[in-house]
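Architecture and fold: a report
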Amino acid sequence: CLKFLESMDLNVEAKFIKDKEPVSPLGQTFSTSLLSVSVQAIFELEKPMDVCSTKKVIRDILLPCNPRFCCLMTEDKHGVLHWEKIDVNIDDHVFVPEFPPGQNDYDEFVNEYICNIHLTPLQKCRPLWEFHFLNYNTSSARATLIVNMHHSLGDGTSLMSLVFCCVTRADNPNLQLTFPSSKSLPRKTTSSYGSWGFPGFFYGILHGLFMLVLVMWYTISDFVISLLRMRWMEDSKMPTRGPPGIEMLPKVMSSVTFPLEEIRTIKNSVGGVTFSISLLYF
């Protein structure tokens, strides 16, 4: 990532200082007084963390890879949010909490700490990210790292790319993390004739018209139902729907573990990918 930034013709840092790049429309939506969306990444580790070495990785790799980690979100006189370059003090973004000693495991303390992070908004007087180091034993890890970032810093793809830039291979720490090339799924071959004996060309036209009508039907029906629910109808009562005001109640952290072999079995059966199968569990 560092070599990539150095090879760019456009000086990203100078651009941020001179132009004060405006926050994207989606980022501004996530930064209103009514809605503030953050991303919490929780890493469960087998060994305790060295806070000093991790801070060095943050300073030397993380900050240069994403200039927004060195920027404040400021608002101009027209109410438009911009990124303003500042000097970052990493110590202001690193937190090492202390829990009562003498506990066999700290699951309850860690879960409560994570819930408090969810309920505490990020301070806009500094860049919108935090690292929390919890070197305490839990039932599933020796240590826990919590990264709390505002969603305006990036989407899922860019943030995952940033994570991959900060880690190296276990067998050779001098090499960046690599993944095996994905194998393309075999395409299903279709017959040149439809089920009614039409040539493939006419069958394709009929299929396209059918899909067009289907899309129009679902679009119109969803639009009408949305209007009715906004004015007269109520949302369907689901088991996961709580009473009014539930969003203001304290939150509790819970987790469920699924065997990876079970996910792989489903993936091989349906011919999908592991990520898509994992989303089905939620």
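Cut-offs and rules
Residues numbered from 1 in each chain as written. Predicted model: local features only at pLDDT ≥ 70, side-chain atom pairs only at ≥ 80, totals over all residues. Heavy atoms only, no water. Phe/Tyr/Trp six-rings, centres within 6.5 Å; stacked < 30°, edge-to-face > 60°. Helix = DSSP H or I, 4+ residues; strand = E, 2+ residues; numbered from the N terminus. Buried < 20%, exposed > 50% of the residue type's maximum accessible area, 1.4 Å probe, protein only. UniProt positions renumbered as here; feature names shortened; annotations may be inferred. Contact = heavy atoms within 4.5 Å. Polar contact = N/O pair within 3.5 Å; in protein donor to acceptor, adjacent residues only side chain to side chain. Expected span 1.5 Å × (residues − 1). Bend = angle between axes of the 7 residues up to and from the residue. Salt bridge = Lys/Arg side-chain N within 4 Å of Asp/Glu carboxyl O. 1 Å grid on protein atoms, 1.4 Å probe; cavity = no way out; pocket = protein on both sides within 12 Å on 5 of 7 lines; lining within 4 Å. Points joined across faces, edges and corners; volume = space filled by probe spheres on them. Nonpolar A, V, L, I, M, F, W, Y, C, P; charged D, E, K, R; others polar.

Counted according to the given criterion, the structure contains nine aromatic pairs. Seen in terms of ring centroids, Tyr106 and Tyr136 are 4.7 Å apart; in terms of plane orientation they differ by 50 degrees. Their pairing is tilted. Of this pair, Tyr106 sits in the loop between β4 (94-95) and α5 (107-119) while Tyr136 is found in the loop between β5 (129-134) and β6 (143-150), placing the two residues 30 residues apart along the sequence. When sorted by exposure, Tyr106 lands in the same class as Tyr136, which is buried. Through a chain of ring-to-ring contacts, three or more aromatic side chains come together here, namely Phe99, Tyr106, Phe109, Tyr113 and Tyr136.

Attention shifts here to the UniProt feature "transmembrane region" (unreviewed entry) in the protein chain. Within this structure's numbering, the places UniProt gives as "transmembrane region" (unreviewed entry) are residues 201-228. Spanning residues 201-228, this segment combines 100% helix with 0% strand, and its end C-alpha atoms are found 41 Å apart.

Before going further, it helps to spend a moment on the side chain of Asn66. Among the secondary structure elements, Asn66 is positioned in the loop between α4 (51-65) and β2 (71-75). Apart from the residues lying within four places of it in its own chain, the contact partners of Asn66 are Leu153 and Leu162.

Tracing the backbone through its elements, the reader meets His82 in strand β3 (residues 81-85). Residue classification places His82 among the buried residues on the basis of a relative accessible area of 17%. In this structure the side chain of His82 is engaged in a polar contact, spanning 3.2 Å, whose partner is the backbone oxygen of Val80.

Spanning 15 residues, α4 covers 20 Å between terminal C-alpha atoms, matching the ideal 21 Å at 1.5 Å per step. Considering bend angle alone, the principal kink of α4 is centred on Ile58 and spans about 35 degrees. Its side-chain oxygen placed 3.3 Å from the backbone nitrogen of Cys52, Asp50 serves as the N-cap of α4.

As a further point, take the pattern of salt bridges. Close approach of charged atoms lets side chains of opposite charge pair. The full count for this structure, using the stated rule, is five salt bridges. Here Asp60 makes a salt bridge to Lys56, at a shortest N to O gap of 3.0 Å. Here Asp60 and its partner Lys56 are both found in helix α4, four residues apart, which amounts to about one turn of the helix. Arg126 is the partner of Glu130 in a salt bridge, and the nearest nitrogen-oxygen pair spans 3.6 Å. Neither residue differs from the other here; Glu130 and Arg126 are each classed as buried. Residues participating in the shared-partner salt-bridge network are Lys56, Arg59 and Asp60.

What follows is about the layout of surface pockets. There is about 1200 Å³ of room inside the largest pocket. Taken together, 35 residues line the largest pocket, and the ones lying closest to its centre are Phe43, Leu145, Val163, Cys166 and Val167. Mapped by element, the contributors of at least two residues to the lining of the largest pocket are β1 (38-45), α4, β5, β6 and α6 (156-165). Counting residues per element, the lining of the largest pocket draws most heavily on α6, at seven residues. When the residues that make up the lining of the largest pocket are grouped by side-chain class, the tally is 24 nonpolar, six polar and five charged.

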